[in-house]
Amino acid sequence: MQNYTEHITYNSEDIDNVIILYQMYARILLEEKDMDHIERYITIICNNENAIIENENWNSFILYFLNKYMEIAEGKEDENRERIFDFLMKLSIKFPNSNYCDFIPAYDKLIIKNCNDEKKINVMLKEIHRLMANAIVNEKISMLYCIIEILQKTIMDLENENSNVKELLFSVFINTLSYNVDTEKTTIMEIIFEELEELIITMDKEKYITNKFGQYILKSILNIVICDSKEDEKKIIEVINLLDDLMDDKDGAKFILANNKMKKELYKKMYNIGVQCIENNMENALRIVSNCLGWYIIRSLKNDNETLTNYLIDRTSDLYKIANNMKVTEKTLVFMMTLYTTVGAYCCKESKYYKHLLRIIEIIKREEKDISRIRTATELRTKENDIWDDLFDDQTHKLTSIFMSKLKF
C-alpha cells in the first residue's frame with residue numbers, strides 16, 4: 001500500500017487530480033478496515049496545513065471520510081464526532097457562507113444510543129446548539145433546517161420514558177430563541193418558531209407529550225420571554241402567538257385543550273407575559289395578550305367551566321389594574337376595556353352567565369370613576385361594526401345596550 005507524505009503538495013491546476021487520488025486511497029482503507037492506517041491518514045488530511053482549503057470538493061471529501069470512518073470504528077464514535085464537529089466549525093469561521101449540512105454527524109442515532117449517558121448527551125447538545133447558532137449568525141437557512149430536522153427526529157424517536165432527554169433536546173430550541181436569535185433576522189426567527197410549533201403539534205398528535213413534559217413545554221416557552229435580556233417585542237409577540245395557536249379549538253394541542261389544569265397553566269403564562277409587557281412598555285404585545293385572554297373567557301363561558309372562567313376574569317382584572325396604575329397609554333387602556341364590554345355584552349345573552357356579568361360590572365366600577373372610557377371601548381367594538389354579529393347571534397347592539405344599562409354609573 002502506498003505511503004503518503006505528511007504534507008499534501010499541489011498547485012491550483014492539479015488539485016482535482018490530487019483529490020481523486022486521495023479519494024481512491026480512502027476507499028481502499030475503508031474497504032479493508034485498516035484502522036491503523038486510517039488513523040494515520042486522518043492525521044495527514046486533517047492537520048492544519050492540509051485541512052480547510054478553498055476547495056469545496058476537498059472539504060466535502062474530508063467530512064465524508066470522517067463520517068464513514070465513524071460508522072465502522074467501534075469505540076471511537078465520540079472522537080470522530082468531535083473531529084467532524086471541529087472541522088465544521090473551522091469551515092464556518094474561515095468560509096462563513098459554506099454549507100456542509102450533508103455531513104453533520106448522525107446526532108439522532110448517537111443520542112438515542114447514549115440516551116442513558118447524560119454527560120455525553122450534554123456534550124452533543126452543546127455541539128448542536130453551536131452549529132445552530134452559527135447557522136443563524138451566518139443566515140444559512142438550509143443548515144438551520146437540517147439541524148432542526150435532527151432535533152425533531154431525535155425527540156420523536158426517543159421513547160416516552162426518556163422524557164429527561166426529550167426535555168434536554170427541546171431546550172435547544174428554547175435556548176436558541178432566548179439568546180441567539182436577533183429579531184432583525186425576522187425570517188430565521190419565524191422559521192424556528194414555526195418548526196417549534198410543528199414539533200409540539202406533531203408530538204401531541206402522536207401522544208408523545210406526558211403531563212410532566214407538557215408542563216415543561218409551557219414553562220420553557222415562557223422562558224423565551226424571561227431570558228430575553230433585550231426585551232424584544234417582536235420575539236414576545238411570536239411567543240404570544242405560539243401559545244395562542246396551541247389553544248386553537250381545531251388545530252391546537254390536545255394535551256392542553258383536554259386538560260383543564262394545563263389550560264390554567266397556559267392562562268397563567270399568558271398573564272405573566274402581559275405583566276412583563278406592562279413593565280417594559282410593550283403595549284402592542286400587551287394588547288395581543290388582552291385580546292387572547294378575552295377570547296379565552298368567551299370559550300370558557302361556552303364550555304360552562306366556572307372555575308376557569310373565574311380564574312381568567314381575576315387575571316384580566318389584575319392585568320387591567322396594573323396597567324392603569326403603571327399609566328400605560330389611554331389608547332391601550334381603552335383597548336383593554338373592550339375585553340370587559342365585549343364579555344359583558346356576551347354575558348347578557350343567557351341568564352346562566354348572570355353571575356359572571358355581575359363580576360364584570362363590579363370590576364369596571366371598581367377601576368373606573370366615570371363612564372367615558374367604557375363608552376369609547378363600546379363604540380370602538382360595536383358602532384357601525386357587524387363583525388361581532390356571529391358572536392352575539394345578530395344582536396350586537398341589543399346586547400350591548402342591555403349591558404350598558406346595567407352599569408348605572
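Residues numbered from 1 in each chain as written. Predicted model: local features only at pLDDT ≥ 70, side-chain atom pairs only at ≥ 80, totals over all residues. Heavy atoms only, no water.

S.K.: Account for unusual backbone geometry, naming residues and giving values.
M.R.: Trans peptide bonds make up the majority, and among non-glycine residues the majority have a negative phi. At Asp-304, a residue that is not glycine, the phi angle is positive and equals roughly 55°. Residue class for Asp-304 comes out exposed when judged on its relative accessible area of 53%. A positive phi angle, near 60°, is found at Lys-327, a position not held by glycine. Among the secondary structure elements, Lys-327 is positioned in the loop between helix 15 (306-325) and helix 16 (330-347). (Buried < 20%, exposed > 50% of the residue type's maximum accessible area, 1.4 Å probe, protein only. Helix = DSSP H or I, 4+ residues; strand = E, 2+ residues; numbered from the N terminus.)

S.K.: Please give an account of the pattern of salt bridges that cites residues and values.
M.R.: In total, this model carries 22 salt bridges according to the counting rule given. Residue Lys-120 is joined to Asp-78 by a salt bridge in which the shortest nitrogen-to-oxygen separation is 3.1 Å. Taken together, the residues Lys-120 in helix 6 (residues 118-137) and Asp-78 in helix 4 (residues 77-94) connect sequence positions 42 residues apart. Asp-304 is the salt-bridge partner of Lys-352, the closest N and O atoms lying 3.4 Å from each other. Placement of the pair is Lys-352 in the loop between helix 16 and helix 17 (354-367) and Asp-304 in the loop between helix 14 (283-302) and helix 15, with a sequence separation of 48 residues. Here the salt bridges do not stand alone but share partners, grouping Asp-78, Arg-81, Glu-82, Lys-120 and Glu-127 into one network. (Salt bridge = Lys/Arg side-chain N within 4 Å of Asp/Glu carboxyl O.)

S.K.: Tell me about the packing of aromatic side chains, and name the residues and values.
M.R.: Within this structure, the stated rule accounts for 10 aromatic pairs. Ring geometry for Phe-170 versus Phe-213: centroids 6.1 Å apart, planes at 80°, classification edge-to-face. Within this pair, whereas Phe-170 is found in helix 8 (residues 163-180), its partner Phe-213 is found in helix 10 (residues 211-226), the two being separated by 43 residues in sequence. On the basis of an interplanar angle of 90° and a centroid distance of 6.0 Å, the ring pair of Tyr-320 and Tyr-340 is categorised as edge-to-face. Highlighted residues: Tyr-320 in helix 15 and Tyr-340 in helix 16, separated in sequence by 20 residues. Among the residues examined, Tyr-320 registers a relative accessible area of 1% and is labelled buried. Relative accessible area serves as the criterion here: at 1%, Tyr-340 is assigned to the buried category. Aromatic rings pair up to connect Tyr-25, Tyr-41, Trp-58, Phe-61 and Phe-65 into one cluster. Sitting over the face of the ring of Tyr-271, Arg-315 holds its NZ or CZ atom 5.7 Å from the ring centroid. A cation sits over an aromatic face here: Arg-315 above Tyr-311, 4.9 Å from the ring centre. (Phe/Tyr/Trp six-rings, centres within 6.5 Å; stacked < 30°, edge-to-face > 60°. Lys NZ or Arg CZ within 6 Å of the ring centre and 35° of its normal.)

S.K.: Account for the packing of helix 11 (residues 233-246) against helix 14, with residues named and values stated.
M.R.: At a minimum axis distance of 9 Å, the contact between helix 11 and helix 14 shows a crossing angle of 10°. As the angle between them shows, helix 11 and helix 14 are arranged roughly parallel. Residues Glu-233, Ile-236, Ile-237, Ile-240, Asn-241, Leu-243 and Asp-244 of helix 11 pack against Glu-283, Asn-284, Ala-285, Ile-288, Val-289, Cys-292 and Tyr-296 of helix 14. (Axes fitted to C-alpha atoms, helices over the stretch in contact; angles between N-to-C directions. Parallel < 35°, antiparallel > 145°, perpendicular 65-115°, else oblique. Contact = heavy atoms within 4.5 Å.)

S.K.: Help me get a handle on the nonpolar core, residues and values and all.
M.R.: If you look at soluble globular proteins, the nonpolar side chains tend to sit buried side by side. Judged by nonpolar contacts, the single largest core of 145 residues is most densely connected at Ile-273 and Phe-403. Apart from residues no more than four positions distant in its own chain, Ile-273 is found in contact with Leu-222, Val-225, Ile-236, Val-239, Ile-240, Leu-243 and Val-289. (Core = buried A, V, L, I, M, F, W, Y, C linked by side-chain atoms within 4.5 Å.)

S.K.: An account of the side chain of Ser-300 is requested, with residue identities and associated values reported.
M.R.: Looking at the secondary structure, you find Ser-300 in helix 14. Since its relative accessible area comes to 5%, Ser-300 is described here as buried. Of the polar contacts made by the side chain of Ser-300, one reaches the side chain of Thr-309; its length is 2.7 Å. Ignoring anything within four residues of it in the chain, the contact list for Ser-300 reads Asn-305, Leu-308, Thr-309 and Leu-312. (Polar contact = N/O pair within 3.5 Å; in protein donor to acceptor, adjacent residues only side chain to side chain.)

S.K.: Go over the environment of Asn-67, please, and point to the residues and values.
M.R.: By the secondary structure assignment, Asn-67 is in helix 3 (residues 56-72). In this structure Asn-67 comes out as buried when scored by relative accessible area, which is 15%. Once the C-alpha coordinates of Asn-67 and Asp-314 are considered, the two residues, 247 residues apart in sequence, prove to be 57 Å apart. Excluding its chain neighbours within four sequence positions, the residues that come into contact with Asn-67 are Ile-84, Phe-103, Ile-104 and Pro-105.

S.K.: Kindly report on the confidence of the model for the chain, identifying the contributing residues and their values.
M.R.: The predicted model of the chain averages 87 in pLDDT, with 91% of residues at 70 or higher. Contacts for the low-pLDDT stretch residues 1-10, under 50 throughout, to residues beyond four places or in other chains number 29 contacts. (pLDDT = per-residue confidence, 0-100.)

S.K.: How would you sum up the state of the cysteines? Please name residues and give values.
M.R.: Summed over all chains, the structure comprises 0 disulfides. Here Cys-277 stays free of any disulfide, with the sulfur of Cys-292 as its closest cysteine sulfur at 11 Å. Owing to a relative accessible area of 1%, Cys-277 belongs among the buried residues under this scheme. (Disulfide = S-S within 2.5 Å.)

S.K.: Quick one: what's the story with the environment of Ile-128, residue by residue and with numbers?
M.R.: Its place among the elements puts Ile-128 in helix 6. Exposure remark for Ile-128: the relative accessible area of 2% places this residue in the buried category. Separated by 44 residues in the primary sequence, Ile-128 and Val-172 place their C-alpha atoms 8.0 Å from one another. Residues within four places of Ile-128 in sequence aside, it is in contact with Tyr-107, Ile-111, Ile-147, Leu-151 and Val-172.

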